[in-house]
Amino acid sequence: MDNKAASPCHLAIHGHFYQPPREDPFTGHIPREPSAAPYANWNERITAECYRPNAQAGNFERISFNLGGTLARWLDDHADETYERIVKAEQRHRSIHGVGNGIAQPVHHTILPLARRRDKICQVRWGIASFEHRFGNRPEGIWLPEMAVDHETLEILVSEGIRFTILSDEQVYGDLEASGGPYRVALPGGAEIAVFVRDRHLSNRLSFGMPDSAYVDDWLEDHVAWRCRRDGLHVIATDGETFGHHHRQGVAVLRRILAAGRRHGYQLTTLGRYLHEHPPEAEIKLIENTAWSCSHGLERWLVGCDCTPGYSRWKGALRRALDNLACDLDRAYTCEAQQLGFEPWALRDRYIDVVLGKLSGESFLNDNGLAHLMNEETQRLLQLLEAQLHRQRMYTSCAFFFDDLDRYEPRYAIANAIRALALTRYATGEDLSHGFRRDLSVAVSPRSGLTGADIFDEIVTRAELKVRPGPPRCV
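The model shown is predicted, which means the values in this text are computed figures rather than measured ones.

(A) Layout of the packing of aromatic side chains. Per the stated rule, a full pass over the model turns up 14 aromatic pairs. Centre to centre, the rings of F164 and F196 are 5.4 Å apart; their planes meet at 85°, and the pair counts as edge-to-face. Within this pair, whereas F164 is found in strand β4 (residues 164–168), its partner F196 is found in strand β7 (residues 192–198), the two being separated by 32 residues in sequence. Every member of this aromatic cluster is reached through a ring pair, and the members are F17, Y51, F60, F65, F131 and F135. Here R300 stacks its cationic end above the ring of F401, 3.6 Å away from the centre of that ring.

Next up, the structure:
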């Protein structure tokens, strides 16, 4: 029997749960964030409003979701009961349905099409490793940060064993008769990947026009029931924080939607489960260098655009400063690799085992054929590897998302750059900070008038670069 004729209407809701790395890279602690009051920081506040109540309500068992690596680490350390509920929800889904409802995420939420190929590979591998470490199984799908996509990124996903990802309907073209998919996307190298396509209008209606919990049935009748006159899958994909943080009624609304399928003509499913039951048939084409949260391609994270109000050209200056610094840091690391005789990028990709606490630094080097190093060489190499961790953390998408340089997120990116500079100086004696500070001086906050160099100086003064480095503190 034809699948399309036999399949009822299905609804899948995917929640993208993520917080950037907020920790001070010199102390490992999150500084107090006054705007999160009465909580000490935004992680605490959003946990109270969103993560904890959704976990307690059992919502994680019935949706598709990704839990970003930096958020997972913080929950594990500071909200263990919530963290355990989320992990067990995914494992229960896998036990019942034979496939999990969690998917991975590149670990530092980097805009992958703007990254070098080797950094794309690193972020994907680290994200997969983080997922495996926390959920005990290998992910079949992966969430692309901001849904930013190009063909090279998708080819890397396939090469790392990923079967599917999620995009928005404005990022693809072709016959979308199968609604949410899954569809096949053929790649230039001959491979293909399955893609689910979110219903942008339905997702945005829930994200930005969420009803009161008493009117969920009316909302479903107005916005979902008529879509379900056509069989297939409908995908709502949105920030997980929509449910409880962005909208206080969100936890209750989500729970009602998850329980209301029979009344409104849809059967609830999750993406991995639906892919196993309905392999992709139709093919669609990718619109490269697009994202779900910018109508100007990738300009929001590159040079600034009208998606953020006011003057946002500081973004291009900040990115140029980070890119130039990344080249300098990579040169220092690869010179050490050449001297010690190892392949630098494969070792960096495996370094996630140290970051996740699975191995000590010394054990990691021993397991990777570097047990012969002298003690000084071992310490120097571990410092440069930790510098590479902070170099990756510089590029979290949040640093470029908002409208001002003088916010928490760009400051965290600059702080991680300074940590990488300090570690490289400890290891090699080379001070790379002058060029970075010069480049930062071009980036100017439209709100406070501070330059990136001013912010650099503030952070350096607080950090006291003479402090010796410790072990990696977070993903």
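(B) The arrangement of unusual backbone geometry in detail. Cis geometry marks the peptide bond from A37 to P38, where omega comes out at 10°. Within the secondary structure, P38 sits in the loop between β1 (9–17) and α2 (42–57). Positioned with a positive phi, H109 is a non-glycine residue whose angle comes to about 55°. Tracing the backbone shows H109 in the loop between β3 (102–103) and α5 (117–135). Look at H109 and you get buried, because its relative accessible area is 1%. Positive phi, close to 55°, is recorded for M147, a residue that is not glycine. Checked against the element boundaries, M147 lands in the loop between α5 and α6 (151–159).

(C) Representation of the pattern of salt bridges within the structure. Under the counting rule described, the total for this entry stands at 42 salt bridges. Here E61 makes a salt bridge to R92, at a shortest N to O gap of 2.8 Å. Separated by 31 residues along the polypeptide, E61 in the loop between α2 and β2 (64–67) and R92 in helix α4 (residues 80–97) bring together distant segments of the chain. With relative accessibility at 33%, the residue E61 sits in the partly exposed group. Two residues, D439 and R320, come together in a salt bridge whose shortest N-O distance is 3.2 Å. Placement of D439 in helix α20 (residues 433–440) and of R320 in helix α13 (residues 314–340) is noted, with a sequence separation of 119 residues between them.

(D) Spotlight on α2. The terminal C-alpha atoms of α2, which comprises 16 residues, lie 21 Å apart, in line with the 22 Å expected from a rise of 1.5 Å per residue. Where α2 bends most, the angle comes to about 50°, and this point is A48. Where α2 is concerned, the buried positions are W42, N43, R45, I46, T47, E49, C50, Y51, P53, N54 and A55. As for α2, its buried residues are in contact with β1, α3 (69–78), α4, α9 (250–259) and α19 (408–428). Backbone nitrogen of N43 and a side-chain oxygen of the N-cap are separated by 3.0 Å at the start of α2; the cap is N41. Positive phi appears at G58, one or two residues downstream of α2, with a value of about 80°.

(E) Seen up close, the packing of helix α8 (residues 216–225) against α9. At a minimum axis distance of 10 Å, the contact between α8 and α9 shows a crossing angle of 60°. One element, α8, and the other, α9, form an angle in the oblique class. Helix-helix and strand crossings are classified by hand; for α8 and α9 the assignment is right-handed. Between α8 and α9, the contacting residues are V216, W219 and L220 on the first element and V253, R256 and I257 on the second. A per-class count over the contact of α8 with α9 returns 5 nonpolar, no polar and 1 charged.

(F) The sheet that holds β7, seen in detail. Spatially, the 3 strands line up as an open sheet ordered β4-β7-β6, and their pairing is mixed. Here the strands that pair on one side only, and so sit at the sheet edges, are β4 and β6 (183–186). The mean angle between the axes of side-by-side strands here comes to 45°, regardless of whether they run parallel or antiparallel. In this sheet, β7 lies alongside β6 in antiparallel orientation, the contact comprising 4 bridges. If you follow A186 over to β7, its bridge partner there is E192. Contacts between α6 and the sheet are confined to β4, β6 and β7, with β7 contributing the most and set at about 115° to the helix.

(G) Spotlight on the state of the cysteines. Going through the model one piece at a time under the given rule, you end up with 1 disulfide. Each sulfur of the disulfide joining C9 and C228 lies 2.2 Å from the other. Remark: C228 occurs in the loop between α8 and β8 (232–239) and C9 occurs in strand β1; sequence separation between them is 219 residues. Each member of the pair, C9 as well as C228, is classed as buried. Left unpaired, C327 is separated from the closest cysteine sulfur, that of C335, by 13 Å. Its relative accessible area of 37% is what places C327 among the partly exposed residues. For C335, a relative accessible area of 36% corresponds to the partly exposed category.

The rules behind the values
Residues numbered from 1 in each chain as written. Predicted model: local features only at pLDDT ≥ 70, side-chain atom pairs only at ≥ 80, totals over all residues. Heavy atoms only, no water. Phe/Tyr/Trp six-rings, centres within 6.5 Å; stacked < 30°, edge-to-face > 60°. Helix = DSSP H or I, 4+ residues; strand = E, 2+ residues; numbered from the N terminus. Lys NZ or Arg CZ within 6 Å of the ring centre and 35° of its normal. Buried < 20%, exposed > 50% of the residue type's maximum accessible area, 1.4 Å probe, protein only. Salt bridge = Lys/Arg side-chain N within 4 Å of Asp/Glu carboxyl O. Expected span 1.5 Å × (residues − 1). Bend = angle between axes of the 7 residues up to and from the residue. Contact = heavy atoms within 4.5 Å. Polar contact = N/O pair within 3.5 Å; in protein donor to acceptor, adjacent residues only side chain to side chain. Axes fitted to C-alpha atoms, helices over the stretch in contact; angles between N-to-C directions. Parallel < 35°, antiparallel > 145°, perpendicular 65-115°, else oblique. Left-handed = near helix turned anticlockwise from the far one by under 90°. Nonpolar A, V, L, I, M, F, W, Y, C, P; charged D, E, K, R; others polar. Pairing = 2+ DSSP bridges. Disulfide = S-S within 2.5 Å.

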